[in-house]
Amino acid sequence: MAASGATNDEMMDIGGAELDNNKNEKMFTLKKWNAVAMWSWDVECDTCAICRVQVMDACLRCQGDGNRQAGGKQPECVVVWGECNHSFHHCCMSQWTQQNKRCPLCQKEWSIQRMGK
Amino acid sequence: MRMRECIFPIYKLRCSLSSHLILLSSLELGNMNQLSSKMATISGSYPKGGQDKPQISFEDQWPKMQPTIVKLLRQESVNRPEWQDMFYSVHQVCLWDEKAAAKIYKALQENIAEFIGQAQQRVLAHSEDQALLKAYISEWRKFFDQCSYLPKPFIQVEVSLNNHPSNNSVGKKHRGDDSNVRKLMLDSWNNQIFMNIKQRLQASAMKLVRAERNGEAFDSQLVIGVRESYVNLCSDPEDKLKIYRDNFEKSYIEATESFYQVKATQYLQDNGVQNYMRYAFSKLKEEETRAKKYLEPASGSIQALMDCCVGVLVTAFKDQILAECPGMIKDNETEKLQLVFKLMDRVPDGIGSMLNDLEDHIKTAGLDDMKLWADVITQDSEKYVERLLELFRRFSSIVSSAFCDDPRFLTSRDKAYKLVVNDTSVFRLDLPTGRQGPAVKTQPESRCPELLANYCDLLLRKTPLSKRLTSDDIEARLRDVLLVLKYVQNKDVFMRYHKAHLTRRLILDASADSEKEENMVEWLREVGMPADYVNKLARMFQDIKVSEDLNSQFKEQYRLAKGPIGDSINIKILNAGAWARGSERISVSLPLELEDYIPEVEEFYRRKHNGRKLQWYHHMANGTITFSNSVGRFDLDVTTFQMAVLFAWNQRPKDKISYENLRLATELPDPELRKTLWSLVAFPKVKRQLLMYSPEVQSPKEFAENSTFWVNQEFTVIKNGRPQKRGKISLIGRLQLSTERSREEDNEGIVQLRILRVQEAIIKILKMRKRISNAQLQVELVDILKNMFLPSKKMIKEQIEWLIENKYMKRDEADINSFIYMA
């Protein structure tokens, strides 16, 4: 257990004998755990330099589409990483590359390193 | 053709005129047509007639006609042949003798004059006004009836007269009303009788009306007859109602006015204002009915009279009546108020002061009520919302029952209720000003939106309240919340709290009804909550569903690889953008039992997705543990933090552990550890606490480093006053998800967001206007933002300065109060 310091170890030894007497059953046992985690894109800069929206949110274009849909459902708007390790909304970048095949941040030739999923 | 045109109206008249002219009833169009063609034949082929010497002369025919005319005037019975002969003779004479028309006319005039002379004598024989009036009316009635019949046979006369070059009015159709003979009759009557006695007639008619007002019955036809005389005897073709208006109407109105001037004051003195109102109202009604009877319809007289009545009955006492209003509103005397409303609604500017009274009442009554209940409602959001709704219903029922839901009163209600809802004297929510350094507070705001959100949470979460209510009840109450929300100025605060509650409910699976949850989101959209707020909520629902799928996939995979795990672990992996923006993560050292799962989940997720990183939000996680002691075994729902604390005793169940050592074991930040421990030593709902501690303290802040804690071996769940050996209890409470700092951060976040919204809106306006005055900018700004919050003057000023500083805009050099957009 990561939490155990030296002091605790000593105390544990003292209590250990009694515990064995108790049918080896721990006082507290885990029955169920509802764990919670948050995911986010593994990016260096959390804003898309093209649309200036956070990469965790859908890009402006997709947000607009989403607002027009009933229920405000947002379509999947994933992130794309270039070889230069810069990241953008995939939608934004595919628009961009139609005009210019370079990364808007570092001007290196754009080639996709990986795509968010 | 002309013949037929002229005869045709007679036939039509047969149907409509009164029946005492029996001869008309047998007249038929067929007969008339026959007659006319017969006449045409005669006139066309008369054998012996020379063209220059007419055989049929006026002098021959007149003696035949005259007796019938006299009979008609006297309303004596005229038989069918006599009536038909009249037509025939008149026609014949006019065709044969070109001067005959004028002669007939003259002779007719003499006959009429003679008849009227006789009538006059009969009328004037009465010297007393009332009797005179009666006689006049009876003569006038008869005569007036005859005005409709007598002219008929003389159509040919009219044609001939009108064909005269000097009197050429081709194209003007002659109707009964316009006929010369009729005019002759009426003019003669007017000149010979009416002119002489009209003042007496009118005076006695007014006397009758006055008598009627005093409750005496009489024949209303008498007054009507006088009025008809006025209307019908007018010889001015431009304005037929002139004489009527200048005489009859005028004197009727004057008589009414003077009557009530005396009566109304008297009644008010004798009976007091409230009774007077009833009196005035009934009199207005009465006068309207009377006016419809005695005044000429379609002349505007009735309106003129009613204006006068309102003036003398209501406007004159406006102040006295209105002075009663505040008291009545206060005492909820809706019937009387309705009376006041109906009276005042007819008075120019009458309603204005009532609107103010209503607003004042709602304001004071609402705030008094809030203050009276302050102790309860500041603690209990359910009670608060119930009070608010109770007030709303009370005020609405006044508006509806006393003021018939008049839009002006509804607006006043809304205006005043808004003040009550947003009042800060009972509840204040102090929002910190983000970056302006310490101790600068923004305007305090009402906590209403926060309490409304709490109330929603009570309804939507699994709570005793939501369990007690039926689905329809809950829906109705949620609708109530939306109703109040409409009046809340700062809707952003509501949305923020609502979102926090929703987050808690979804993560803890604590929703009472997931369908209702989603409905609520749509209702919020319907009541016009800003779309971006609502979309965020919708996104959370979408995301939680994705996460549920992921959870079942994970469990399936885990089962295949490591055997059954049942319900022992559930994972929620959520989109940080939708759920956790800006919320801090608290690290904790997990018990081994939990920590083992972490790499499993991470590995599973890595295989499923690309380019994503996971962060554990243990302060949102929770679980169930089984606790065994000397009394029995209990299932405890706990937060992960509580779990981490409790598992520290697993190795040393009987020990007393110091605060310091617990901190070392759990690695929880100080405020969180204090809060978690407090929830275990002093959980409000349980009789025997899970942990014991020493020394005694009053709040979690007072735990010292050497405070000691130990597990209560006598812990048990108490049911119906008896300790139980088995049991399940939740120790989570409202503790989770609101970390020590997050509340403050929430409020700070609200302010930060408002600052951005203000900047954004200013730029939006400037971009459109290019140049705008300060005053206009403020107006438009409030308009854009009012759906979310009401920006304070100070905030606007600060943001304008910031935008100027950052060269988004500048002041106009010529006019310091105008701003110019800088691209």
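Now for a description of the structure that goes with this document. Given the structure is predicted, the values throughout are model-derived calculations rather than measurements.

Here's the deal with the pattern of salt bridges
All names here are of chain B.
Reasoning step 1: Scanning the model with the defined rule gives 45 salt bridges over all chains in all.
Reasoning step 2: Among the salt bridges present, the one from Asp369 reaches Arg387, with a minimum N-O distance of 2.8 Å. Note that Asp369 is positioned in helix H15 (residues 350-372) and Arg387 in helix H17 (residues 381-403), a separation of 18 residues in sequence.
Reasoning step 3: Residue Asp369 is classed as buried on the basis of its relative accessible area of 9%.
Reasoning step 4: The closest approach of N and O atoms between Glu603 and Arg607, which form a salt bridge, is 3.2 Å. Of this pair, Glu603 and Arg607 both sit in helix H27 (residues 597-608), four residues apart, roughly one helical turn.
Reasoning step 5: The network of salt bridges with shared partners includes Glu212, Arg213, Lys283, Glu286, Glu287 and Arg290.

Comments concerning the sheet that holds strand E7 (residues 708-711) of chain B
Residue and element names in this part refer to chain B.
Reasoning step 1: Across the sheet, which stays open at both edges, the three strands sit in the order E5-E7-E6 with antiparallel pairing between neighbours. The open sheet has two edge strands with one neighbour each: strand E5 (657-658) and strand E6 (691-694).
Reasoning step 2: This element, helix H30 (residues 670-681), spans E6 and E7 of the sheet and lies at about 110° to E6.

What about the interface of chain A and chain B?
Where interface size is quoted, it is often the accessible area lost as the parts come together.
Reasoning step 1: Contacts between the two partners involve 44 residues from chain A, matched on the other side by 73 residues from chain B.
Reasoning step 2: Taking both sides of the interface into account, the surface hidden between chain A and chain B amounts to around 5500 Å²; carbon and sulfur atoms contribute 52%.
Reasoning step 3: It is Phe28, Trp33 and Met38 of chain A that lose the most area in chain A upon contact with chain B, and together they represent 18% of the buried surface on that side.
Reasoning step 4: Linking chain A with chain B are three salt bridges.
Reasoning step 5: Between Arg539 of chain B and Asp57 of chain A there is a salt bridge, with its nearest N and O atoms 2.9 Å apart.
Reasoning step 6: Counting across the chain A and chain B interface gives 28 residue pairs in polar contact (both at pLDDT 80 or more).
Reasoning step 7: Mapped by element, the contributors of at least two residues to the side of chain A that touches chain B are helix H1 (6-21), strand E1 (28-41) and strand E4 (112-115) of chain A.
Reasoning step 8: No other element matches the 14 residues that E1 of chain A contributes to the side of chain A that touches chain B.

What to know about the environment of Ile763 of chain B
Residue and element names in this part refer to chain B.
Reasoning step 1: Its location among the elements puts Ile763 in helix H31 (residues 742-769).
Reasoning step 2: Residues Ile763 and Met809, spaced 46 residues apart in sequence, show a C-alpha to C-alpha distance of 8.3 Å.
Reasoning step 3: Excluding residues within four positions of it along the chain, Ile763 makes contact with Leu803, Tyr808 and Tyr821.

Observations concerning the packing of aromatic side chains
Between two aromatic rings, the relevant description is the distance of the centres plus the angle of the planes.
Reasoning step 1: Tallied over the entire structure, the rule returns 29 aromatic pairs over all chains.
Reasoning step 2: Plain terms: the ring middles of Phe392 of chain B and Tyr487 of chain B are 5.6 Å apart, the flat faces sit at 50° to each other, and that makes the pair tilted. Of this pair, Phe392 of chain B sits in helix H17 while Tyr487 of chain B sits in the loop between helix H21 (471-485) and helix H22 (491-507), and the two are 95 residues apart along the sequence.
Reasoning step 3: Three or more aromatic residues joined by ring pairs make a cluster, and in this case those are Phe28 of chain A together with Phe627, Phe634, Phe647 and Phe715 of chain B.

Concerning the nonpolar core
Most often, soluble globular proteins keep nonpolar side chains buried together rather than apart.
Residue and element names in this part refer to chain B.
Reasoning step 1: Tyr136 and Leu313 are the most contacted members of the largest nonpolar core, which has 268 residues in total.
Reasoning step 2: For this core, the leading source of residues is helix H11 (residues 242-294), giving 17 residues.
Reasoning step 3: If sequence neighbours within four positions are ignored, Leu313 has contacts with Tyr260, Ala264, Tyr276, Tyr279, Ala280, Lys283 and Leu284.

Some words on the state of the cysteines
All names here are of chain A.
Reasoning step 1: What the rule picks out here adds up to zero disulfides over all chains.
Reasoning step 2: Not part of a disulfide, Cys106 finds its nearest cysteine sulfur in Cys103, a span of 3.7 Å.
Reasoning step 3: Its relative accessible area of 27% is what places Cys106 among the partly exposed residues.

Regarding unusual backbone geometry
Reasoning step 1: Residue Pro695 of chain B is reached from Ser694 of chain B by a cis peptide bond, and omega for that bond is -5°.
Reasoning step 2: Relative to the helices and strands, Pro695 of chain B is located in the loop between E6 and E7.
Reasoning step 3: The backbone phi angle of Arg52 of chain A is positive, close to 65°, even though this residue is not glycine.
Reasoning step 4: Along the polypeptide, Arg52 of chain A turns up in the loop between E1 and helix H2 (60-68).
Reasoning step 5: The exposed category is assigned to Arg52 of chain A, whose relative accessible area is 63%.
Reasoning step 6: Unlike most non-glycine residues, Asp509 of chain B shows phi in positive territory, near 50°.
Reasoning step 7: Mapped onto the secondary structure, Asp509 of chain B falls in the loop between H22 and helix H23 (514-526).

Details of the side chain of Thr256 of chain B
Residue and element names in this part refer to chain B.
Reasoning step 1: Within the element layout of this structure, Thr256 appears in helix H11.
Reasoning step 2: Within the local environment of Thr256, its side chain forms a polar contact with the backbone oxygen of Tyr252, the two atoms lying 2.6 Å apart.
Reasoning step 3: Every residue in contact with Thr256, bar those within four places of it in the chain, is listed here: Arg213, Glu287, Leu305 and Cys309.

So, the packing of helix H5 (residues 80-96) of chain B against helix H6 (residues 100-124) of chain B
Residues and elements named next belong to chain B.
Reasoning step 1: The N-to-C vectors of H5 and H6 enclose an angle of 135°; their axes lie 8 Å apart at closest approach. Classified by the angle between their axes, H5 and H6 sit oblique to one another. In this structure, H5 uses Val90, Val93 and Cys94 to contact H6, whose residues at the interface are Ala100, Ala101 and Ile104.
Reasoning step 2: Considered class by class, the residues forming the contact of H5 with H6 number six nonpolar, no polar and no charged.

Thresholds applied
Residues numbered from 1 in each chain as written. Chains lettered and ligands numbered in written order. Predicted model: local features only at pLDDT ≥ 70, side-chain atom pairs only at ≥ 80, totals over all residues. Heavy atoms only, no water. Salt bridge = Lys/Arg side-chain N within 4 Å of Asp/Glu carboxyl O. Helix = DSSP H or I, 4+ residues; strand = E, 2+ residues; numbered from the N terminus. Buried < 20%, exposed > 50% of the residue type's maximum accessible area, 1.4 Å probe, protein only. Pairing = 2+ DSSP bridges. Contact = heavy atoms within 4.5 Å. Axes fitted to C-alpha atoms, helices over the stretch in contact; angles between N-to-C directions. Buried area = accessible area lost by both parts, 1.4 Å probe. Polar contact = N/O pair within 3.5 Å; in protein donor to acceptor, adjacent residues only side chain to side chain. Phe/Tyr/Trp six-rings, centres within 6.5 Å; stacked < 30°, edge-to-face > 60°. Core = buried A, V, L, I, M, F, W, Y, C linked by side-chain atoms within 4.5 Å. Disulfide = S-S within 2.5 Å. Parallel < 35°, antiparallel > 145°, perpendicular 65-115°, else oblique. Nonpolar A, V, L, I, M, F, W, Y, C, P; charged D, E, K, R; others polar.

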